[in-house]
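Letter by letter, the chains look like this.
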Amino acid sequence: MERSSSGAKTLFPKGPDFTLDNFSNQDFVVRDFVDSLADSAIPESRRSVPAASAAFDPKPLIRTFENAQAQLASLGEELQTKETELLTQVRRAEIQHDQTLDTLGKKLDQSMSSFEALDITLQSGSADMNEPNGRSDGGGNVAVQIGEKLEDLDKKRQRALDAIFLIQCWNEVSETGNLNLLTDMQRLGGSENKIRCAVIARQLMRISQRLEPSSWHQGGRQPADAAGQGANGHGQGNGKTHNTREALEKFCETLEQDLLQQFNGSYKKQNFEDMRECARVLHDFNNGASVIATFVNQHQFFIDRDQLTNDEVTADGETWDQLADPDAEPPGVEPSLQSLVDEVKIVMQEESFIIKRAFPYYEIVLTKFIQRVFQQSVQQRLEMVLDKADTISSLAFLRSLHASRAYISSLVEDLKTHGLTEHPEPCSAQISQTLDQQMEELFVPYLVGNSYIEREKKSLEEMYSSLLFKFTIYHSRKKRGPAGFMASLAQQGSQLMSSAKDAYIEKLDSSELTPTQKAIMLRVAGIKDKENKNEIEVSEEDGTLSIANAKRMLKWLAESVQRTLELGTPIETPKDVNILLQLLLASMGEVYIQTALDAAHYAATMVENSKTEPDLSHLPALRPAITITAIMDRFITTVLIRLAEPSATVRRNMEAQKKMAVDAIEKKTNMVIRVSVDVIANWVAKSLGTQKKQDFRPRDGDLESLQTQTCQGICTFLSRAHRQASAAIDGPNAEKFFSEIALAVLKLLLDHFKKFQVNATGGLMVTQDIAKYAATMRDWPLLKDVAAAVELLTEIGSLFIVGPEALREKARTLAGAAGTGVAARGKLTKAEFRAFVQRRDDSGTVGIQGVLAGL
């Protein structure tokens, strides 16, 4: 509220002045207004006087309120006038509005009538066109043609407007070097305007390349003397100093950066619609390369993982030792790699949802994202894990490679099943192919060519040579004497073992071995690090075959085959298993089994003509050799050869190799058995040669026992040979072996008893000896005809003690065979019967001669 601005002082102060604005204020309060009027009525000279000492004077208040009342009355009249004017204007506007509604109603009725008439015409035209005779009044076709022409005209109009705008933009940038028109359009915002800016900018770039090629060839601002030159007479004349290309590139860069900033801001706010618009514009601008790179490179996953790139692998020492130990189960994938793969799985599933909502071309973006994840994060961590494993041992590297491949492969399969951008459906063919491709590229450096299978072979060779180290040392130290063809074969085996031993010792002393690998090899070999490798003490047990060791070798090979099958390709599998087969046949077949058989053959040969009772301890070594050969043969047939079935050539080659190796082992086994038969027969013959001529003609006072010492010694030897041979062979092989021995012993005994003269008491001794021989051989597993020949031996013993009548009966049952050979006939020839009977002292008596004459 304002007071009078007059500087003159009057006796009665003038009241305050106010207008309608004072009452139209939203903060107007009636009580405050009255209080202000009362305050203005009190003169300033009296305001400082205390209220208690001054008498109340109502006159100033009366004058002030009267003045205010007069002003309020004047304002009321003014308001009444304005209200009247406004009411008049409202009545006029209502009348005008009613007239307008009437006019619009009439026009609407006309439009509806026209629409109904047009609709009827179109329907009738469509019905005419569907008539069988094809006749039509043309109403429908005319409407369609009109619509097509209108649409075509609209397109031409829009192209004309675009061409005009493009020419205006080109003239502007060509003449002034500015792009104000495009800049103004860009500032308007909106996806359509930004897309149009991008399209026009790209068109201007092409125009510039065509009309101003010199600026593109030089890549910079043109010199003044070339400013007026251009292609086809079009140039940058008039002495211009600006470069159109630079202006266009600068605008494009600015537009691109603005869009990228807008995209990043929307990404932080999770505004997927705006992200999608920016991505669409940038795709029209440069095929989306910049926005894809921005989205992928600035992803938080890569930022966080880049900070962890230099972190060491997290597996502890015990885990690495377990990886390097061939007898321990592989511990699985390395923890830090496992953590990364698990995180990749979550990130891929989450980001695929964002990518599909934020990008129209989401498959391209997802492909780039997958490539970046695998080629940067996964590959770096995988290389760190495998490099660490390679410093541990060859086996640790192979196991880590296999576990990593299996775990990453499961990630790929899980992502395919999840579907990513196609969730809950499986992945598209393009994404599946990308995942498979990235998976293969991760492991190509480790599986290319023969590098992988050579690593497997090297690892197995190290473990096999360690396990057989003491075995090879034991047999390399055993002396071999000359013994014909088998000695030459044994000499070759000895040279093979010696070279293997030297190579192993050289390998242990090599600096290429890691400490862990060397410790594992020494532990498998059963030797100490500080022990002199050339002076290692070995025992008989170290030189014998062990089925447990053979099973360890096959277990290691089976693990290697599993890795080869899972890491390799089906095409390479036959060739790879063939390499492993060759290693198995060389290590287990030649170095292990055949070496033991050579040693057994040499031991048998050395006692073949022994002057003392021969040691048959070489026989028990045949049992593990036969068992290991059977296990090896079954493993090769059921595992290795079956895996080589895709390649018929390789499979036949492997079958031939296996047959050759098994035949060689069987040949050596048979030779050991043959020599063992000869050893037993030779010793029996030598023992029979010690029989005294008077052993079967004892005097009455000299008889101490009805059994000769020669018989007792031979039977004891044969029983011991039976026990040792039974520990080596069984089944049909045992029957054939003991039948061969029995036939040899029978032949020797039959010839033996034809040489000695027998008296009555000696006949009892012969019978007892023969019974002892027969009882010893009855305990053996024999063929039926050989067992019958052994029973015939007991009947021969009775020929020395029975009387003439019984002897005549024996002649009818035993004599009369036509051929030779006891086992073949089961009977004696007449000549053999006569030879035995004639060794009796009483063979000259009438009764005995009568029997012989009756033959």
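Quick caveat, the model's predicted, so the values are computed rather than measured.

Now for the overall build of the chain. Summing up its helical and strand segments, the chain has 33 helices and zero strands in all. Looking at the chain as a whole, 41% of its 855 residues qualify as buried. When contacts within the chain are restricted to residue pairs at least 6 apart in sequence, those whose partners lie at least 24 apart make up 74%.

Another aspect to go through is the pattern of salt bridges. Inspection of the entire model under this criterion finds 30 salt bridges. Arg 563 serves as the salt-bridge partner of Glu 456, at 2.7 Å between the closest nitrogen and oxygen. Of this pair, Glu 456 sits in helix 18 (residues 451-467) while Arg 563 is found in helix 22 (residues 547-567), placing the two residues 107 residues apart along the sequence. For the pair formed by Glu 456 and Arg 563, the shared burial category is buried. In this structure, Arg 812 engages Glu 809 in a salt bridge whose closest nitrogen and oxygen atoms are separated by 1.9 Å. Taken together, the positions of Arg 812 and Glu 809, both in helix 30 (residues 804-814) and three residues apart, correspond to about one turn of that helix. On the accessibility criterion, Arg 812 (55% relative accessible area) is exposed. Each member of the salt-bridge network shares a partner with another, and the members are Arg 399, Glu 456, Glu 559 and Arg 563.

Relative to the helices and strands, Ala 600 is located in helix 23 (residues 573-606). The class for Ala 600 is buried, based on a relative accessible area of 4%. Along the sequence, Ala 600 and Ser 617 sit 17 residues apart, while their C-alpha atoms lie 8.7 Å from each other. Among all residues touching Ala 600, those that are not within four sequence positions of it are His 618 and Val 672.

Glancing now at helix 23. Residues spaced three or four apart along an α-helix point in a common direction, a consequence of the helix completing one turn every 3.6 residues. With 34 residues, helix 23 extends 46 Å from end C-alpha to end C-alpha; this agrees with the ideal 50 Å at 1.5 Å per step. Along helix 23, the sharpest kink reaches roughly 35°, centred on Gln 594. Summarising burial for helix 23: 27 of the 34 residues are buried, a large majority.

Attention now moves to the packing of helix 18 against helix 21 (residues 515-525). Between two packed helices, what matters for the description is the angle formed by their axes and the separation of those axes. Put simply, helix 18 and helix 21 touch, their axes get as near as 7 Å, and they point 40° apart. Considering their axes alone, helix 18 and helix 21 lie oblique with respect to each other. Seen along the crossing, helix 18 lies across helix 21 with a hand that is right-handed. Contacts from Glu 462, Met 463, Ser 466 and Leu 467 in helix 18 reach Gln 517, Met 521, Val 524 and Ala 525 in helix 21. For the contact of helix 18 with helix 21, a count of residues per class yields five nonpolar, two polar and one charged.

Attention now moves to the nonpolar core. For soluble globular proteins, the rule of thumb is that nonpolar side chains tend to be buried together. In terms of nonpolar packing, the biggest core is built from 188 residues, with Phe 359, Leu 584, Leu 640, Tyr 773 and Met 777 touching the most fellow members. For this core, the leading source of residues is helix 23, giving 15 residues. With sequence-adjacent residues up to four places away left out, Leu 640 is seen in contact with Leu 557, Val 561, Val 577, Leu 581, Leu 584, Phe 635 and Met 654.

In this fold, Ser 208 is placed in helix 7 (residues 191-211). On the basis of relative accessibility, which here comes to 0%, the residue Ser 208 falls in the buried class. Placed 36 residues apart in sequence, Ser 208 and Thr 244 show a C-alpha to C-alpha distance of 7.0 Å. Apart from the residues within four sequence positions on either side, Ser 208 is in contact with Trp 170, Pro 213, Ser 215, Trp 216, Thr 244, Arg 245 and Leu 248.

Turning our eyes to something else, we now look at the side chain of Ser 610. In this fold, Ser 610 is placed in the loop between helix 23 and helix 24 (622-643). Within the structure, Ser 610 has its side chain in polar contact with the backbone oxygen of Thr 612 (distance 2.8 Å). Apart from the residues lying within four places of it in its own chain, the contact partners of Ser 610 are Trp 683 and Lys 686.

Attention now goes to the packing of helix 13 (residues 317-324) against helix 16 (residues 394-418). At a closest axis distance of 7 Å, the pairing of helix 13 and helix 16 adopts a crossing angle of 100°. Classified by the angle their axes make, helix 13 and helix 16 are roughly perpendicular. On the side of helix 13, the interface is formed by Trp 320, Gln 322, Leu 323 and Ala 324, while helix 16 contributes Leu 395, Ala 396, Arg 399 and Ser 400. Looking at side-chain class alone, the contact of helix 13 with helix 16 contains five nonpolar, two polar and one charged residues.

Turning our eyes to something else, we now look at unusual backbone geometry. Note: most residues except glycine have negative phi, and most peptide bonds are trans. Of note, the bond from His 423 into Pro 424 is cis; its omega dihedral lies within 30 degrees of zero at 10°. Mapped onto the secondary structure, Pro 424 falls in the loop between helix 16 and helix 17 (429-447). Its identity as a non-glycine residue notwithstanding, Gln 270 has a phi of 60°, on the positive side. When you line up the elements, Gln 270 lands in the loop between helix 9 (244-269) and helix 10 (272-286). Since its relative accessible area comes to 39%, Gln 270 is described here as partly exposed. Of note in the backbone geometry, Leu 420 takes a positive phi value of approximately 55° without being a glycine. Of note, Leu 420 is situated in the loop between helix 16 and helix 17.

Here we come to a nonpolar patch on the surface. Taken together, the side chains of Phe 28, Val 30, Val 34 and Phe 65 make up a nonpolar region of the molecular surface, amounting to roughly 320 Å² of accessible area. Summarising the element assignment, Val 30 is placed in helix 2 (residues 30-41).

What follows deals with helix 32 (residues 830-837). Every buried residue of helix 32 is accounted for by Glu 832, Phe 833, Phe 836 and Val 837. One face of helix 32 carries all of its buried residues, which in axial projection span an arc of 130°.

Right, let's get into the confidence of the model for the chain. The pLDDT averaged across the chain works out to 82; a share of 83% of its residues lies at or above 70. This stretch, residues 219-238, has a pLDDT under 50; its non-local contacts, to residues over four places away or in other chains, come to 34 contacts. Counting contacts from residues 481-486, a segment whose pLDDT is below 50, to residues more than four positions away or on other chains yields eight contacts.

Time to look at the environment of Ala 630. Inspection of the secondary structure assignment puts Ala 630 in helix 24. Separated by 32 residues in the primary sequence, Ala 630 and Val 662 have C-alpha atoms spaced 9.0 Å apart.

Another aspect to go through is the packing of aromatic side chains. Throughout the structure, instances matching the rule amount to 14 aromatic pairs. Taking 6.2 Å as the distance between ring centres and 75° as the angle between the ring planes, the aromatic pair formed by Phe 800 and Phe 836 counts as edge-to-face. Here Phe 800, found in the loop between helix 29 (784-798) and helix 30, pairs with Phe 836, found in helix 32; they are 36 residues apart in sequence, far enough to count as distant. Each of the two residues, Phe 800 as well as Phe 836, counts as buried. Every member of this aromatic cluster is reached through a ring pair, and the members are Phe 263, Tyr 267, Phe 295, Phe 359, Tyr 361 and Phe 369. The aromatic ring of Tyr 362 is capped on one face by Lys 356, whose charged end is 5.6 Å from the ring centroid.

Rules behind the numbers
Residues numbered from 1 in each chain as written. Predicted model: local features only at pLDDT ≥ 70, side-chain atom pairs only at ≥ 80, totals over all residues. Heavy atoms only, no water. Helix = DSSP H or I, 4+ residues; strand = E, 2+ residues; numbered from the N terminus. Buried < 20%, exposed > 50% of the residue type's maximum accessible area, 1.4 Å probe, protein only. Contact = heavy atoms within 4.5 Å. Salt bridge = Lys/Arg side-chain N within 4 Å of Asp/Glu carboxyl O. Expected span 1.5 Å × (residues − 1). Bend = angle between axes of the 7 residues up to and from the residue. Axes fitted to C-alpha atoms, helices over the stretch in contact; angles between N-to-C directions. Parallel < 35°, antiparallel > 145°, perpendicular 65-115°, else oblique. Left-handed = near helix turned anticlockwise from the far one by under 90°. Nonpolar A, V, L, I, M, F, W, Y, C, P; charged D, E, K, R; others polar. Core = buried A, V, L, I, M, F, W, Y, C linked by side-chain atoms within 4.5 Å. Polar contact = N/O pair within 3.5 Å; in protein donor to acceptor, adjacent residues only side chain to side chain. Patch = residues over 30% accessible without salt bridge, like charges linked within 9 Å, V, L, I, M, F, W, Y side chains within 5 Å. Areas by Shrake-Rupley, 256 points an atom, 1.4 Å probe, with all protein chains shown as cover. Arc of directions from axis to C-beta. pLDDT = per-residue confidence, 0-100. Phe/Tyr/Trp six-rings, centres within 6.5 Å; stacked < 30°, edge-to-face > 60°. Lys NZ or Arg CZ within 6 Å of the ring centre and 35° of its normal.

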